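# Tertiary structure, described
As a plain string of letters, each chain reads:
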Amino acid sequence: MKSAIDLEAAVKALQTGNVIACPTEAVWGLSCDPDNDEALTHLMRMKDRDPAKGVILVAANIQQFQPWLNQLPLELHAPLAASWPGPNTWLVPDNGRSHALVRGAHQRVALRVTDHPLMKALCEAFGGPLVSTSANRAGEPPAMSAAQVNEIFGEELGAILAGELGGQERPSTIRDLVTGKVMRA
């Protein structure tokens with residue numbers, strides 16, 4: 001069984017290529033460095049996730065996403081700024097910045113600026129966006145507590161960040177930024 005750790009220890013775990021579990025707005029999630037090949041591969045293996053699906057990136061603020069947004073037409077920035085921070089994930093055209101396992105088989109990358117205080121603090125302390133995907137094996141319900149995360153993943157995790165869920169009833173809405181189409185309500 002993994003013991004819950006504090007923010008500083010969680011950041012060290014991320015910096016050394018580990019996958020950690022952390023509370024998000026609605027469910028427990030798994031996070032890792034979005035540029036670390038080994039961490040991303042381990043995450044996909046842990047979840048039994050099809051790499052073609054890709055994963056969501058979360059950030060503390062819109063500025064942390066500038067490398068992903070720097071070629072985005074100015075008019076497409078407005079919906080992002082109007083809906084962040086909050087439970088809104090946008091599928092943004094990939095400008096080549098995203099790792100293949102983050103993007104998956106898509107031409108877009110999923111981005112969200114979190115309003116969960118602990119996830120925001122984690123991204124700030126890490127110095128940039130992190131992968132955020134539900135803490136579950138493919139096809140299974142997401143973990144709703146640190147104890148469930150431990151039961152599902154145990155020693156596969158580098159760490160479990162101590163904290164509480166953010167009170168949302170369901171995961172974020174996912175929309176395509178270019179078309180406005182809702183992909184997950």
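Labelled according to an unreviewed UniProt entry, the chain appears under the name Sua5/YciO/YrdC/YwlC family protein, originating from Vreelandella aquamarina.

## Here's the deal with the overall build of the chain
The number of helices and strands found in the chain is seven helices and ten strands. Radius of gyration (C-alpha) of the chain: 15 Å, near the 16 Å computed for a compact globule of 185 residues. Here the C-alpha coordinates of the chain stretch approximately 50 × 30 × 30 Å along the principal axes. Residue burial in the chain is summarised as follows: out of 185 residues, 48% are buried. Expressed as a percentage of contacts within the chain between residues at least 6 apart in sequence, the contacts between residues at least 24 apart total 69%.

## Some words on unusual backbone geometry
Trp-84 connects to Pro-85 through a cis peptide bond whose omega is -5 degrees. Structurally, Pro-85 can be placed in the loop between helix H4 (77–83) and strand S5 (88–93). The phi torsion at Asp-48 lies on the positive side, around 55 degrees, for a residue other than glycine. If you trace the backbone, Asp-48 turns up in the loop between helix H2 (37–47) and strand S4 (56–59).

## A short note on the pairing of strand S9 (residues 173–176)
Where S5 meets S9, four bridges bridge the pair, whose relative direction is parallel. Bridging from a neighbouring strand, Trp-90 pairs with Arg-175 of S9. As paired elements, S9 and strand S10 (residues 182–184) share two bridges and run antiparallel to each other. Note on S10: the bridge partner recorded for Ile-174 is Arg-184. A loop of five residues connects S9 with S10, the two strands running antiparallel in sequence, and Gly-180 in this loop sits at a positive phi of about 80 degrees.

## Quick word on the side chain of Arg-112
With respect to the helices, strands and loops of the structure, Arg-112 is situated in strand S6 (residues 108–113). Within the structure, the side chain of Arg-112 is placed 3.3 Å from the side chain of Glu-25, a separation counted as a polar contact.

## Things to note about the pattern of salt bridges
Under the defined criterion, the tally for this structure stands at six salt bridges. Between Arg-112 and Glu-25 there is a salt bridge, with the nearest N and O atoms lying 3.3 Å from each other. Note that Arg-112 is positioned in strand S6 and Glu-25 in the loop between strand S2 (20–23) and strand S3 (28–31), a separation of 87 residues in sequence. Each of the two residues, Arg-112 as well as Glu-25, counts as buried. Residue Asp-176 pairs with Arg-108 through a salt bridge whose shortest N-O separation is 2.6 Å. With a gap of 68 residues between them, Asp-176 in strand S9 and Arg-108 in strand S6 connect regions that are remote in the sequence.

## Topic: the side chain of Asp-176
The class of Asp-176 is buried, set by a relative accessible area of 10%. Residues in contact with Asp-176, not counting those within four places in the same chain, are Trp-90, Leu-91, Arg-108, Lys-181 and Met-183.

## Quick look at the environment of Ala-59
Position of Ala-59 relative to the elements: it lies in strand S4. When near neighbours in sequence (up to four residues on either side) are disregarded, Ala-59 contacts Gln-64, Phe-65, Arg-112, Val-113, Thr-114, Cys-123 and Pro-129.

About the cut-offs
Residues numbered from 1 in each chain as written. Predicted model: local features only at pLDDT ≥ 70, side-chain atom pairs only at ≥ 80, totals over all residues. Heavy atoms only, no water. Helix = DSSP H or I, 4+ residues; strand = E, 2+ residues; numbered from the N terminus. Rg over C-alpha atoms; globule rule 2.2 N^0.38 Å. Buried < 20%, exposed > 50% of the residue type's maximum accessible area, 1.4 Å probe, protein only. Contact = heavy atoms within 4.5 Å. Pairing = 2+ DSSP bridges. Polar contact = N/O pair within 3.5 Å; in protein donor to acceptor, adjacent residues only side chain to side chain. Salt bridge = Lys/Arg side-chain N within 4 Å of Asp/Glu carboxyl O.

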